[in-house]
Amino acid sequence: MKPLPDSLEISRDGGEFRFRLIFPPPDAAPGVVVTLTEELTAFLEERGVSPAGVNSLGIAAEELLINLSKYGIAEHGGAGGRDLVAAGAVTLGEKAITFRIDDNSAPFDPRGRAKTNLSDDPSARAVGGLGLHMLFEMFEDCRYARRADGNTSEWILRLAK
Amino acid sequence: MAVTCTTTIDEATGIPVLRVEGRLDAVAAADFSAALLPLAEDAAVKRIVLDCGELVFVASAGLRVFIIAVKAMKPRGAALCAAAASDDVASVFRMTGLQTLMIMKPTVGECLA
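Residues numbered from 1 in each chain as written. Chains lettered and ligands numbered in written order. Predicted model: local features only at pLDDT ≥ 70, side-chain atom pairs only at ≥ 80, totals over all residues. Heavy atoms only, no water.

## Describing the overall build of chain B
Defined as follows: Strands are runs of DSSP state E lasting at least two residues, helices are runs of H or I lasting at least four, and both sets are numbered from the N terminus onward. Residue contacts follow a heavy-atom distance rule, with two residues in contact if any of their heavy atoms lie within 4.5 Å. All accessible-area figures derive from a Shrake-Rupley calculation using a 1.4 Å probe, and residue coverage is judged against the displayed protein chains alone. A positive count includes Lys and Arg, and a negative count includes Asp and Glu. His and the chain ends are not counted in either. Taken as the charge centre is NZ of Lys, CZ of Arg, CG of Asp or CD of Glu, depending on the residue.
Helices and strands together make up the secondary structure of chain B, namely four helices and five strands. For chain B, the sequential pattern of α-helices and β-strands runs β-β-α-β-α-β-α-β-α. Judged by the C-alpha coordinates and their principal axes, chain B covers about 30 × 25 × 25 Å. A sequence separation of at least 24 residues applies to 66% of the contacts in chain B between residues at least 6 apart. Accessible surface for chain B amounts to roughly 4,600 Å². Of this, 54% is attributable to carbon and sulfur atoms. Taken as two groups, the 10 positive and 12 negative side-chain charges of chain B have centres that lie 10 Å from each other.

## Remarks on the sheet that holds strand 5 (residues 141–147) of chain A
Pairing between the strands of a sheet comes from backbone hydrogen bonds, and it takes one of two forms, parallel or antiparallel. All names here are of chain A. Put simply, the test is: Following DSSP output, two strands are said to pair if at least two bridges run between them. Orientation is described by axes fitted as lines to C-alpha atoms, over the contacting stretch for helices, and by angles from 0 to 180 degrees between their N-to-C directions.
If you trace the six strands from one edge of the open sheet to the other, you get 1-2-3-4-6-5, paired in antiparallel fashion. Each edge of the open sheet is held by one strand with a lone partner, namely strand 1 (8–13) and strand 5. For this sheet, the mean inter-axis angle between neighbouring strands, taken without regard to orientation, is 10 degrees. Note that strand 2 (residues 16–22) and strand 3 (residues 85–92) share seven bridges and pair antiparallel. Bridging from a neighbouring strand, Phe17 pairs with Val90 of strand 3. Sheet contacts for helix 1 (residues 29–46): strand 1, strand 2 and strand 3; angle to strand 2, the most-contacted strand, approximately 175 degrees.

## Quick notes on the packing of helix 1 (residues 29–40) of chain B against helix 2 (residues 60–73) of chain B
Residue and element names in this part refer to chain B. To be explicit about the condition: Angles below 35 degrees are treated as roughly parallel, those above 145 as roughly antiparallel, those between 65 and 115 as roughly perpendicular, and all remaining angles as oblique. Residue polarity is assigned by list, with Asp, Glu, Lys and Arg as charged and Ala, Val, Leu, Ile, Met, Phe, Trp, Tyr, Cys and Pro as nonpolar; anything else, Gly included, falls into the polar class.
Where helix 1 contacts helix 2, the axes come no closer than 10 Å and their chain directions differ by 10 degrees. Judged on the interaxial angle alone, helix 2 and helix 1 are roughly parallel. Each of Ala29, Phe32, Ser33, Leu36, Leu37 and Ala40 in helix 1 lies in contact with helix 2, whose residues at this interface are Ala61, Gly62, Val65, Phe66, Ile68, Ala69, Ala72 and Met73. Residue composition of the contact of helix 1 with helix 2, by class: twelve nonpolar, two polar and no charged.

## A look at the environment of Ala43 of chain B
All names here are of chain B. Selection rule: Here the term buried applies to any residue with accessible area under 20% of the maximum for its type, exposed to any over 50%, and partly exposed to those in between, with areas from a 1.4 Å probe on protein chains only.
With respect to the element layout, Ala43 can be found in the loop between helix 1 and strand 3 (47–58). With relative accessibility at 53%, the residue Ala43 sits in the exposed group. Sequence separation of Ala43 and Ile68 is 25 residues, and the distance between their C-alpha atoms is 15 Å.

## Overview of the confidence of the model for chain B
What counts here: For every residue, the pLDDT score states the predictor's confidence, bounded by 0 at the bottom and 100 at the top.
Residues at a pLDDT of 70 or more form 99% of chain B, whose mean pLDDT is 96. Taken over the whole predicted complex, pTM reads 0.91, whereas the ipTM for its chain interfaces reads 0.90.

## With respect to the pairing of strand 6 (residues 150–158) of chain A
The side chains of a regular strand alternate, residue by residue, between the two faces of the sheet. Residues and elements named next belong to chain A. For strand 6, a buried count of seven out of nine residues is recorded, marking the element as mostly surrounded by other parts of the structure. Summarising the sheet, strand 4 (residues 96–103) and strand 6 pair through eight bridges and their orientation is antiparallel. Its bridge partner lying in strand 6, Ile101 is registered against Ser153. Inspection of the sheet shows strand 5 paired to strand 6 by seven bridges, in the antiparallel sense.

## Section: unusual backbone geometry
Positive phi, normally seen in glycine, also occurs at Ala84 of chain B, with a value near 65 degrees. With respect to the element layout, Ala84 of chain B can be found in the loop between strand 4 (79–83) and helix 3 (87–95).

## Topic: the state of the cysteines
All names here are of chain B. In plain terms, the rule: Defined by distance alone, a disulfide is two cysteine sulfur atoms within 2.5 Å.
Within this structure, the stated rule accounts for one disulfide over all chains. Disulfide partner of Cys81: Cys111, at an S-S distance of 2.1 Å. Note on the Cys81 and Cys111 pair: the S-S dihedral is about -70 degrees, so by sign convention the disulfide is left-handed. One end of the pair, Cys81, is in strand 4; the other, Cys111, is in helix 4 (residues 108–112), and 30 residues separate them in sequence.

Written as structure tokens, this is what we have:
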């Protein structure tokens, strides 16, 4: 296992993978997010999660954290001058896997996203907007709550019987 | 695990075959873009085959590169053909509508035919 960057803390406790990430500047954030995603992938594979489940959770980690690094500061006023921080957990249950993420950014409810253009006309296709679209396709449920100091979202992936 | 992109030219057809191995994530998308987009923008190229047999993960950063490539190729009638995608990668292509923008085949040979 390669050493983690200073901005990233990870712990594993049975069926739970926890993380805390203090975002570096936007140009350095993808590297840290990818490291976290790779650690999560290894955790899930070690615990026998299906390849499809591993894929969905890896995509969720990358999309949600990259989105936060890009837009948490630039478009939503960020964390009010504080470090932008995301913490969360992936919890393995008997019937579902839950991915919870808390951040201290300005309000952002993923359920209110704009509809993604999936036109088969390339000239009409937007290049972005695919990340959240994939999550809503892959996960059965998304819960969101605005806290006084940030956002909490929970993504529920039901396991096949 | 990063992504490795290797381009070869099929001797029989002259079609470029770009083999993509590893994880196409937010970091690796830049390498994929550097390998694919010059081919996509080359007016002499009528088809590009992407060998996805060893591609294990695609996030939206990688999908954006596919879409940019198709946008560059389609106006001149050129096509992108993805071969040998795993179930997980093919599922991502389907749920994001990429399968309607490019050709998907089980093997590289079928993309070259």
